[in-house]
Amino acid sequence: MQNKSNKLPQERNHLSGVEINHKVNLIENGLIDIPMLQLLDEHGKETNPKATPDIAEGLANKILTSMEYTRLLDERMIGSQRQGRISFYLACKGEEAAIVGSAAALSDDDMIMSQYREQGALVFRGYKTEQFMNQMFSNQLDPNKGRQMPIHYGDKALNFMTISSPLGTQIPQASGYAYGQKMAGKEAITICYFGEGAASEGDFHAGLNMAAVLNCPAIFFCRNNGYAISTPTEEQFAGDGIASRGIGYGVRTIRVDGNDVLAVFAATKLAREIALKEACPVLIEAMTYRLAAHSTSDDPSGYRSKDEEAKWQQKDPIERFKKWLDGKKWLNEPALEAYKSNAREEILAALKKAEQVPVNPLEDIIEDVYDTPPWHLKKQLSELQQHVAKYPQHYPKTSGR
Amino acid sequence: MAKMNLLQAINSALISSMEQDERVMVFGEDVGHFGGVFRATSNLQEKFGKGRCFNTPLTEQGIIGFANGLAAQGSVPIAEIQFGDYIFPAFDQIVNETAKWRYRSGGQFSCGTLTIRTPYGGGIAGGHYHSQSPEAFFAHIPGMKVVIPRNPYQAKGLLLSSVRDDNPVLFMEPKKIYRASVGEVPETDYELLLGKADVVKEGTDITLLAWGAQVEVVEKAAMMAEKDSISCEIIDLQSILPWDVETVCESVYKTNRLLINHEAPLTGGFASEIAATIQQECFLYLEAPIARVCGLDTPYPLAHEKEYMPDHLKTYEAIKRTLDY
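Computed from a predicted structure; not experimentally measured. (Residues numbered from 1 in each chain as written. Chains lettered and ligands numbered in written order. Predicted model: local features only at pLDDT ≥ 70, side-chain atom pairs only at ≥ 80, totals over all residues. Heavy atoms only, no water.)

Engineer: How should the overall build of chain B be read in this particular structure?
Structural biologist: Summing up its helical and strand segments, chain B has 12 helices and 14 strands in all. The C-alpha radius of gyration computed for chain B amounts to 19 Å, which stays within 12% of the reference 20 Å derived for 325 residues, consistent with globular compactness. Along the first, second and third principal axes, the C-alpha atoms of chain B reach 60 × 45 × 40 Å. When each of the 325 residues of chain B is scored for burial, the buried share is 66%. A fraction of 81% describes how many contacts in chain B between residues 6 or more apart in sequence connect residues 24 or more apart. When the accessible surface of chain B is totalled, it reaches about 11900 Å², and 53% of it is carbon and sulfur. (Helix = DSSP H or I, 4+ residues; strand = E, 2+ residues; numbered from the N terminus. Rg over C-alpha atoms; globule rule 2.2 N^0.38 Å. Buried < 20%, exposed > 50% of the residue type's maximum accessible area, 1.4 Å probe, protein only. Contact = heavy atoms within 4.5 Å. Areas by Shrake-Rupley, 256 points an atom, 1.4 Å probe, with all protein chains shown as cover.)

Following this line, the structure appears as structure tokens:
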């Protein structure tokens, strides 16, 4: 708040920026206009060439292939779930630009704390097909040791925090992680992804407020994709989206077209610079649409129309970006088709391989609860081992090992 | 050695750990310049700066969420929850995040460096919301350690161990005796083993097991019982999770009787877990049912605080009943 020269001196600092008026007035939603940054229109045309971020051809192609790969992976894994090969999957379709565009604006040293629909960020960072598969088949090659449902990735080497299912928990955690980075003198920030539904959790409010008050260099990246499973945004909140909350917490905020890679990239790049330089959080609200079902356990036809989906198909972020690339003569269709066909084969081969890899041995069940297993866990393991040995046919995953 | 009360011992441990490791940070509601509502964090901000000792907004779930992220990053957070009664907004962060972080990531990441400090317990006219003893909730969470000291010496040594232990620890401080419990405490750095009970007094007829402020209560009951020629062995459990079954069993093999005293309500209290384990391990040695002297299964009452508390008289009566069984 600005210090106004005509204000009366006040006793407490919490009044120092407050102007006084003399008329009963209510502040209404919509008084502050929060526009949506769009640098690429739906036809792939630059809306303001001067503001187009500087993206070299190599990076542009990496962004495109990361988005394409994410979509291919999603298609294949939804199929695998339908075939009963994995228990669960959660697709990113429609939101690829929001995820890949933001991840592309980060440094590899930045920590990514995601919600669960951000596989595109992992793809961009270089997570390999076999790594995706090992996690989804909970096999012994998964560094997370097969302890969580498919899509709960985590990779220390890539600075990608292991995902947890409860919504919004990563938000105050990102504030703390970023505070630690600052205190340790690191040239790095934390980006925290979440959906507009998760922003109703108390953790969102706690985390954003703490980041603002404690000067944490973090980007809070909201994917406002219209639905929290079946609940539409108008049943989720009455305010002006998530962006308006950033302003309430004194957090610098920007709303972007989440289906526009250039806008997302430009916003995230600026947010990162400010977060690092000024040690402060920035909130980005990316307006997008979940073209996929919430997960393989969901059927969107119960809560939204085909017409609505078709409307958003027209805004497909990958198609839009391809038009832009084409305009710059950077789009090589045959090369892209070759890449996609190769990726499809790679995914299928890695899938077949990963499903053959056994799960971790039984002893592993008590590891990582504590730094070393205490007496009571050792005792419980020993009893379990004797039991499994007695009924080996009932526990085929571990009894033969 | 210096004479300190329990709060001063905690303050001394915090200073020691902050001097020894610059990654240590202390934060919570009012812990900054003010030094905490009980003054456990006095002078820390002056000594170590606002970056390492700071106030947080009033949000317990935020404090623990923040602390979890900070720990996962590699710092050493010591987060204060102003009263144990107010820890519940942070329950999800503790149950699903603090405690499972290492397991879910296959050991890639963890909150092992985190210590949560919180005052707990009754006897201060605090009513429902400044008196509870919620240790049993946290004993049900694989991945957590739960530690409770009974006096200044134990407090400093156990807190230093908790901070340095590579597992998240909930460190619960008996606020009733924050100032009343005074003793000699080394000014130098020292650690006490986690997961280890302390035999406070040896005896032959019955084992009295308690923790925190209730150790004093069973000591008082034991003195009454001694006058009836009943020899009591007194054990302070110190660590609720993981707990020292071996020491308790050794004692029960000898005394053949066990009484457990805690302030928290009887049903589902940690005494239930102890009783189940001891009847499993010591079944043929027991000469009487295991006695539990606990709080009532009611919310913690203000007007009837004295009646609610598992005091020395209730404990004394239970000792006699057990001996007469």
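Having put the structure on the table, let's press on.
Engineer: I'm lost on the interface of chain B and chain A in this one. Help?
Structural biologist: Frequently, the measure chosen for interface size is the accessible area removed from exposure when the parts meet. The interface is formed by 45 residues belonging to chain B together with 46 residues belonging to chain A. Of all residues in chain B, Tyr103, Arg104 and Gln108 of chain B give up the largest surface area on contact with chain A, accounting jointly for 21% of the area buried on that side. In this assembly, chain B and chain A are joined by 1 salt bridge. The salt bridge partner of Lys379 of chain A is Glu281 of chain B, with a shortest N-O separation of 3.5 Å. Counting the contacts that link chain B with chain A gives 21 residue pairs in polar contact (both at pLDDT 80 or more). Within the residue set of the side of chain B that touches chain A, elements represented by two or more residues are β3 (53-55), α3 (60-73), α4 (91-98) and α5 (101-104) of chain B. (Buried area = accessible area lost by both parts, 1.4 Å probe. Salt bridge = Lys/Arg side-chain N within 4 Å of Asp/Glu carboxyl O. Polar contact = N/O pair within 3.5 Å; in protein donor to acceptor, adjacent residues only side chain to side chain.)

Engineer: Would you take a moment to explain empty space enclosed by the protein for this structure?
Structural biologist: Over the atoms rolls a probe the size of a water molecule, and its path tells where empty space is left. According to the stated counting rule, one finds 4 cavities of 30 Å³ or more in the structure shown. Around the largest cavity, the lining residues are Met113, Ser114, Met161, Thr162, Ile163, Ser164, Thr169, Gln170 and Gln173 of chain A together with Glu97, Trp101 and Arg104 of chain B. Of all elements in the fold, only α5 (170-183) of chain A together with α5 of chain B reach the threshold of two or more residues within the lining of the largest cavity. In terms of residue class, the lining of the largest cavity is made up of 4 nonpolar, 6 polar and 2 charged. (1 Å grid on protein atoms, 1.4 Å probe; cavity = no way out; pocket = protein on both sides within 12 Å on 5 of 7 lines; lining within 4 Å. Points joined across faces, edges and corners; volume = space filled by probe spheres on them. Nonpolar A, V, L, I, M, F, W, Y, C, P; charged D, E, K, R; others polar.)

Engineer: Would you mind showing me how to read the pattern of salt bridges here?
Structural biologist: Between side chains of opposite charge, a pair can form when the charged atoms approach closely. A complete count under the given rule lists 40 salt bridges over all chains for this structure. Here Lys145 of chain A ties to Asp368 of chain A by a salt bridge, and the two come within 2.9 Å at their closest N and O atoms. Of this pair, Lys145 of chain A sits in the loop between α4 (129-136) and α5 while Asp368 of chain A sits in the loop between α11 (333-354) and α12 (375-390); the two residues are 223 residues apart in sequence, bridging distant segments of the chain. Of the residues examined, Lys145 of chain A reaches a relative accessible area of 23% and is grouped as partly exposed. The buried category is assigned to Asp368 of chain A, whose relative accessible area is 11%. With a closest N to O distance of 2.8 Å, Glu80 of chain B and Arg117 of chain B form a salt bridge. Here Glu80 of chain B is found in strand β4 (residues 76-80), whereas its partner Arg117 of chain B is found in strand β5 (residues 115-120), with 37 residues between them in sequence.

Engineer: So what exactly am I meant to see when it comes to the pairing of strand β3 (residues 190-195) of chain A here?
Structural biologist: Consecutive residues of a regular strand have side chains that alternate between opposite faces of the sheet. Residues and elements named next belong to chain A. The buried fraction of β3 amounts to 6 of the 6 residues, a majority that puts the element mostly inside the structure. Of the two faces of β3, the one lined by Thr190, Cys192 and Phe194 and the one lined by Ile191, Tyr193 and Gly195 are each fully buried. As defined by bridge partners, β3 adjoins strand β4 (residues 218-224) across 6 bridges and the pair is classed as parallel. Note that in β4 the partner of Ile191 across the bridge is Ile219. (Pairing = 2+ DSSP bridges.)

Engineer: Please clarify how helix α9 (residues 245-255) of chain B should be interpreted in this entry.
Structural biologist: Along an α-helix, a turn takes 3.6 residues, which lines up residues three or four apart on a common side. Of all the residues in α9 of chain B, the buried ones are Val245, Thr247, Val248, Cys249, Ser251, Val252 and Thr255 of chain B. Backbone geometry just after α9 of chain B places Asn256 of chain B at a positive phi near 65°.

Engineer: Sorry if this is basic, but what is going on with the environment of Gln170 of chain A here?
Structural biologist: Residues and elements named next belong to chain A. With respect to the helices, strands and loops of the structure, Gln170 is situated in helix α5. In this structure Gln170 touches Met113, Ser114, Gln115, Cys192, Tyr193 and Phe194, once residues within four positions along its chain are discounted. Among the polar contacts made by the side chain of Gln170, one reaches the main-chain carbonyl oxygen of Tyr193 at a distance of 2.7 Å.

Engineer: I'm lost on the state of the cysteines in this one. Help?
Structural biologist: In total, this model carries 0 disulfides over all chains according to the counting rule given. Here Cys53 of chain B is not disulfide-linked; the sulfur of Cys216 of chain A is the nearest cysteine sulfur, at 16 Å. Given the relative accessible area of 0%, Cys53 of chain B is considered buried. No disulfide involves Cys249 of chain B; its sulfur sits 3.8 Å from the nearest other cysteine sulfur, which is in Cys282 of chain B. A relative accessible area of 5% places Cys249 of chain B in the buried class. (Disulfide = S-S within 2.5 Å.)

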